[in-house]
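# Observations on the model geometry
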Amino acid sequence: MNIIEAIKERRSVRSFNCESLTQSQISELENAVKTAESPFGGNVTIRLQSFDVKDGFKPSTYGMIKGAVDFFLLGIKDDKQSALTAGFKFEQVVLKAWQMGLGTCWIAATFKGTDFDRGEPWPDDEELKIICPVGVAAKQSILEKATRLALGSRNRKSFDKLFFNENFQTPYEQTGRFGEALEMLRLAPSSTNSQPWRVLVCGDTVHFYYVPKSPASVLDCGIGICHFYETEKFNNRSGVFVELADMPAAHENWIYLVSYKASK
């Protein structure tokens, strides 16, 4: 399964088969964490940890996740760069897990006082903000299917409502230079399927903005931009991310994040 297939096929998994990861799977996932990169800086720590869910486990916001034994934990500093990096970097791991036949589910919440936040302290200025179960998916329950439907996982905004060309009134053509990469961005998961990302393409430069919809909106954009960049790499294209001082003024309540300047 290549990265484009993984982006298209990957779904959030909330029911697992109650079995621990194998040592081989753990090693492969830990290597994915080690090799994941981000151009945005910030401070993010990713850990993979097993929990004895049968021995007085106190997960608090564990919610509708069932049968999971292994979890990724993300400590993130409270700034824009760290949020972008958390989304961009960890989505590389999530996609790798899917390519390995493993399911995951991003969960953003407050975890203080739970078993997830006990153990090794987080580096200075970082706080546990994301957990993500990982394992072999169990058969979807009726409740899980209903939750997926309620969250609108299949009901994403159309391409022409998110991506624009040269101005904020002209939709970007999906057949354009960045069409496939933007479509993979559109398919990215986001908090309550809010899809906060917006894009203005000006020539060879892609300007990324977001509409603030939740505390996780910048992190969500990091996930989407990861999809964009992975697609560029898959198609043997390259570019650099830069934060411009003279970017086009934001449209309505959009907030500028970063720009991507294509080099080929």
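What this report covers is the structure whose coordinates are included nearby. (Residues numbered from 1 in each chain as written. Predicted model: local features only at pLDDT ≥ 70, side-chain atom pairs only at ≥ 80, totals over all residues. Heavy atoms only, no water.)

### Regarding the pairing of strand S9 (residues 239-242)
Stated precisely, the cut-off is as follows: When accessible area is computed with a 1.4 Å probe and restricted to protein chains, residues below 20% of their type maximum are described as buried, those above 50% as exposed, and intermediate ones as partly exposed. Helix numbers and strand numbers start at the N terminus; a helix is a DSSP run of H or I with at least 4 residues, a strand a run of E with at least 2. What makes two strands pair is DSSP finding at least two bridges between them.
Here S9 shows one buried face, formed by Gly239 and Phe241, and one open face, formed by Val240 and Val242. As defined by bridge partners, S9 adjoins strand S10 (residues 255-262) across four bridges and the pair is classed as antiparallel. Looking at the pairing, valine 242 lines up with serine 259 of S10.

### Details of the sheet that holds strand S6 (residues 163-165)
To keep it simple, the criterion reads: Fitted lines through C-alpha atoms serve as axes, helices being fitted only where they are in contact, and the angles separating the N-to-C directions of these axes extend from 0 to 180 degrees. The contact criterion used is simple: two residues touch if any of their non-hydrogen atoms lie within 4.5 Å.
Reading across the sheet, the five strands line up as S6-S7-S8-S10-S9 and stay open at both edges, with mixed pairing between neighbours. Both outer strands of the open sheet, S6 and S9, are each paired with one neighbouring strand and no more. Ignoring which end each strand starts from, the neighbouring axes of this sheet average 20 degrees apart. The pairing of S6 with strand S7 (residues 197-202) spans three bridges and is classified as parallel. By the bridge assignment for S7, phenylalanine 164 is matched with leucine 200. Each of S6, S7 and strand S8 (205-210) touches helix H5 (residues 179-186); the most contacted strand, S7, lies at about 170 degrees to it.

### Points about the side chain of serine 194
For serine 194, the location among the structural elements is in the loop between H5 and S7. Look past the residues within four positions of serine 194 in its chain and what remains in contact with it is Lys157, Lys213 and Asp220.

### Quick notes on the environment of tyrosine 229
Here tyrosine 229 is to be found in helix H6 (residues 217-234). For the pair formed by tyrosine 229 and leucine 21, sequence separation is 208 residues and the distance between their alpha carbons is 29 Å. Once residues within four sequence positions are removed from consideration, tyrosine 229 is found in contact with Phe88, Gly239, Phe241 and Tyr260.

### Considering the pattern of salt bridges
Using the following cut-off: One speaks of a salt bridge when a side-chain nitrogen belonging to Lys or Arg is within 4 Å of a carboxyl oxygen belonging to Asp or Glu.
Summed over the entire model, instances satisfying the criterion amount to eight salt bridges. For glutamate 28, the salt bridge is made with lysine 96, and the minimal N-O distance between the two is 3.2 Å. Placement of glutamate 28 in helix H2 (residues 23-35) and of lysine 96 in helix H3 (residues 80-99) is noted, with a sequence separation of 68 residues between them. Among the ionic pairs, arginine 118 bridges to aspartate 115, the shortest N-O distance being 2.3 Å. Overall, the relative accessible area of 42% leaves arginine 118 in the partly exposed class.

### So, the nonpolar core
Here is the rule we go by: To define a nonpolar core, start from buried Ala, Val, Leu, Ile, Met, Phe, Trp, Tyr and Cys residues and group those joined through side-chain atoms within 4.5 Å.
Counting 53 residues, the largest nonpolar core has Phe72, Leu182 and Phe208 as the members making the most contacts within it. It is H3 that contributes the most residues to this core, eight residues altogether. If we skip the residues at most four places from it in the chain, phenylalanine 208 touches Leu185, Arg198, Val199, Ile225, Phe228, Phe241, Ile255, Tyr256, Leu257, Val258 and Tyr260. Formed by 22 residues, the second largest nonpolar core is a distinct cluster that contains Ala68, Leu95, Cys105 and Phe111.

### Some words on the packing of H2 against H3
Condition: To sort the angles, those under 35 degrees are grouped as roughly parallel, those over 145 as roughly antiparallel, those from 65 to 115 as roughly perpendicular, and the leftovers as oblique. Here a crossing is called left-handed whenever its near helix is offset anticlockwise from the far helix by less than a right angle, and right-handed whenever the offset is clockwise. The nonpolar class holds Ala, Val, Leu, Ile, Met, Phe, Trp, Tyr, Cys and Pro. Asp, Glu, Lys and Arg form the charged class, and all remaining residues, Gly among them, are polar.
It is the contact of H2 with H3, at a shortest axis distance of 9 Å, that shows an interaxial angle of 155 degrees. Classed by the angle they form, the pair H2 and H3 counts as roughly antiparallel. Once H2 is placed against H3, the crossing between them reads as right-handed. Residue-level inspection shows Glu28, Leu29, Ala32 and Val33 of H2 in contact with H3, the latter providing Lys89, Val93, Lys96 and Ala97. Among the residues forming the contact of H2 with H3, the class breakdown is five nonpolar, no polar and three charged.

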